[in-house]
Amino acid sequence: MPVEFEQTFRNFLMGHQEKYNRTYHFLILMDSIVAAAKRIELYYRTGALKGNLGVAGSINVQGENVMKMDDIANEIVLHYLASNKRVIQAVSEECADVIDMNKSGGRYFVYFDPLDGSSNVAHGLPVGFLFGIAKRNLEGSIKGPEDFHLRQGSEYIAAGMFVIPTGMFTLALRDAGCWRFHSDETATYVKPVRMILPENPQNWELSFNAGNTSVFSEKVGGWIKDNISKYKFRYIGALAGDFHRLLSNGGLFMYPAIVNHPDPKENRPQGKLRLLYEANVVAFMCREAGGDAIDETGTRILDIKPAGHHQRTTLYVGTKSVIDELISVFK
Ligand code: AHG
Ligand code: MN
Ligand code: MN
């Protein structure tokens, strides 16, 4: 029987860079991101799933301080990003400040959430490592506006996510599609599959925290009431997991504004999710898969000009016709 070879992620990316006449710097960057993802996955399997991690500040059976899975994942990503020398600056959900890396020689800005969906950790259920990448203006001066880390999603060159610990990895490349890979028996990401959101509503899913419905705006509550029966309802509680399903089945993921909470302090008029490393990442992947994403004013997520690196946004992401319908509801 002939041996069968699946195309590897690295080989796929090399072909992509050559096709578009690009350098291999991006390959080196992606190599570090993949290495970090594998390492997070290893810690998740050997630590979190075996109950060895606990919460930050607690003490394990050996009397050592235990790190939270989020912090471990963050340390891992920072290590690999800094060591590849291609990154100018990084923004992490876990770091208050922008992180300087190779400021003079780097080419890329990386925005990441090393471990999204932490409430799933205690259950061994899926979490995500989400990242977006923008590039420096290589011709201009180092102080030009394109050398700034606060970039809108439409300027990202790539964005992706690992669903940990499932071995699934999705990467979208600007104007070159959204591609899914899986980790094979040798922990190599293989077999690119192009993701296109299905137009046929048969399997469309609706994904949001339904427990919040009564605290959404009247517009959003009304839309849910009129439309929920058209969808299958699914919610994993980790954006990467929920969005992973959506890319195959179509439909809508949303995290609306919370504006009608009985305790006004609990309101979240800006939504919960972060623009640079959560919303933009899925919006970018979704656009490359033929879908779209907006906030609650009907503005495209990828067109939002960030004012701060931890800025939040409301998020509606999914099938284009559903987003078009929502734009007319919001405008
Ligand atoms: P975190 O960044 O704190 O891990 O939050 C997870 C995010 C996202 O992954 C998920 O879709 C959403 O928050 C879930 O929030 P709710 O618990 O409010 O539903
Ligand atoms: Mn997060
Ligand atoms: Mn996180």
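Residues numbered from 1 in each chain as written. Chains lettered and ligands numbered in written order. Predicted model: local features only at pLDDT ≥ 70, side-chain atom pairs only at ≥ 80, totals over all residues.

1. Focus on the site of ligand 1
What surrounds ligand 1 is the set D116, G117, S118, N209, G237, A238, L239, D242 and K272. For the shell around ligand 1, a count of residues per class yields two nonpolar, four polar and three charged. For the shell around ligand 1, the two domains that each supply at least three residues are domain 1 (9-194) and domain 2 (201-330). (Near = placed C-beta within 6 Å. Nonpolar A, V, L, I, M, F, W, Y, C, P; charged D, E, K, R; others polar. Domains from an automatic or database assignment.)

2. With respect to the packing of helix 2 (residues 25-46) against helix 3 (residues 69-83)
Two elements in contact, helix 2 and helix 3, have axes separated by 9 Å at closest approach and are oriented at 155 degrees. With respect to helix 3, the axis of helix 2 lies roughly antiparallel. Our pair here, helix 2 against helix 3, has a crossing hand that is right-handed. Residue-level inspection shows S32, A35, A36, R39, I40, Y43 and Y44 of helix 2 in contact with helix 3, the latter providing M69, I72, A73, I76, V77, Y80, L81 and S83. Partitioned by chemical class, the residues of the contact of helix 2 with helix 3 number 12 nonpolar, two polar and one charged. (Axes fitted to C-alpha atoms, helices over the stretch in contact; angles between N-to-C directions. Helix = DSSP H or I, 4+ residues; strand = E, 2+ residues; numbered from the N terminus. Parallel < 35°, antiparallel > 145°, perpendicular 65-115°, else oblique. Left-handed = near helix turned anticlockwise from the far one by under 90°. Contact = placed C-beta atoms within 7 Å.)

3. So, the pairing of strand 4 (residues 127-135)
In terms of burial, strand 4 is largely enclosed, as nine of its nine residues are buried. Side-chain alternation along strand 4 places V127, F129, F131, I133 and K135 on one buried face and G128, L130, G132 and A134 on a second face that is also buried. Relative to strand 4, strand 3 (residues 108-116) runs antiparallel, the two sharing seven bridges. Note that in strand 4 the partner of D113 across the bridge is L130. Two strands pair when backbone bridges link them, and strand 4 and strand 5 (residues 156-164) are joined in this way by eight bridges, in the antiparallel orientation. Bridge pairing links A134 to Y156 in strand 5. (Buried ≥ 20, exposed ≤ 12 C-beta atoms within 10 Å, placed from the backbone. Pairing = 2+ DSSP bridges.)

4. Here we look at the nonpolar core
One recurring pattern in soluble globular proteins: nonpolar side chains tend to sit buried together. Within the largest apolar cluster, 90 residues are counted, with the highest numbers of intra-cluster contacts made by I40, V110, F129, F131, V282 and A293. When residues of this core are assigned to domains, at least three map to each of domain 1 (9-194) and domain 2 (201-330). Those residues in contact with I40, other than ones at most four positions away along the chain, are A73, I76, P114, L115, F129 and I164. (Core = buried A, V, L, I, M, F, W, Y, C linked by C-beta atoms within 7 Å.)

5. Description of helix 6 (residues 275-288)
A turn of α-helix holds 3.6 residues, and therefore any two residues three or four places apart point the same way. Of all the bends in helix 6, the largest measures some 25 degrees and sits at V281. Among the 14 residues in helix 6, 14 count as buried, and that is most of the element. (Bend = angle between axes of the 7 residues up to and from the residue.)

6. Quick word on the sheet that holds strand 3
One open sheet holds the eight strands; their spatial order is 2-1-3-4-5-6-7-8, and the pairing between them is mixed. The open sheet has two edge strands, strand 2 (99-100) and strand 8 (189-194), and neither has a second partner.

7. Here's the deal with unusual backbone geometry
Of note, the bond from I164 into P165 is cis; its omega dihedral lies within 30 degrees of zero at 5 degrees. Positive phi, close to 65 degrees, is recorded for K85, a residue that is not glycine. Along the chain, K85 turns up in the loop between helix 3 and strand 1 (87-92). Residue classification places K85 among the partly exposed residues on the basis of 15 C-beta atoms within 10 Å. In this model, K191 sits at a positive phi of 60 degrees, which is unusual for a non-glycine residue. Within the element layout of this structure, K191 appears in strand 8. Classification of K191 by C-beta neighbours within 10 Å gives partly exposed; the count is 15.

8. Some remarks on the environment of N21
Tracing the backbone shows N21 in the loop between helix 1 (9-19) and helix 2. Given 6 C-beta atoms within 10 Å, N21 falls into the exposed group. In sequence terms N21 and F148 are 127 residues apart; their C-alpha atoms lie 25 Å from each other.

9. Structural notes on the pairing of strand 5
Taking burial as the measure, the nine residues of strand 5 include eight buried ones, the bulk of the element. Relative to strand 6 (residues 168-173), strand 5 runs antiparallel, the two being bridged by six bridges. Its bridge partner being in strand 6, A159 is matched across the sheet by A172. Linking strand 5 to strand 6, which pair antiparallel, is a turn of three residues; within it G167 sits at a positive phi near 80 degrees.

10. Remarks on the domain arrangement of the chain
Domain parsing of the chain yields domain 1 (9-194) and domain 2 (201-330). Here the C-alpha centre of domain 2 lies 23 Å away from the C-alpha centre of domain 1. Each partner contributes residues to the interface: domain 1 has 31 residues there, and domain 2 has 26 residues. For the side of domain 1 that touches domain 2, the secondary-structure elements that each account for two or more residues are strand 3, strand 4, strand 5 and strand 6. For the side of domain 1 that touches domain 2, the per-class residue count stands at 16 nonpolar, 12 polar and three charged.

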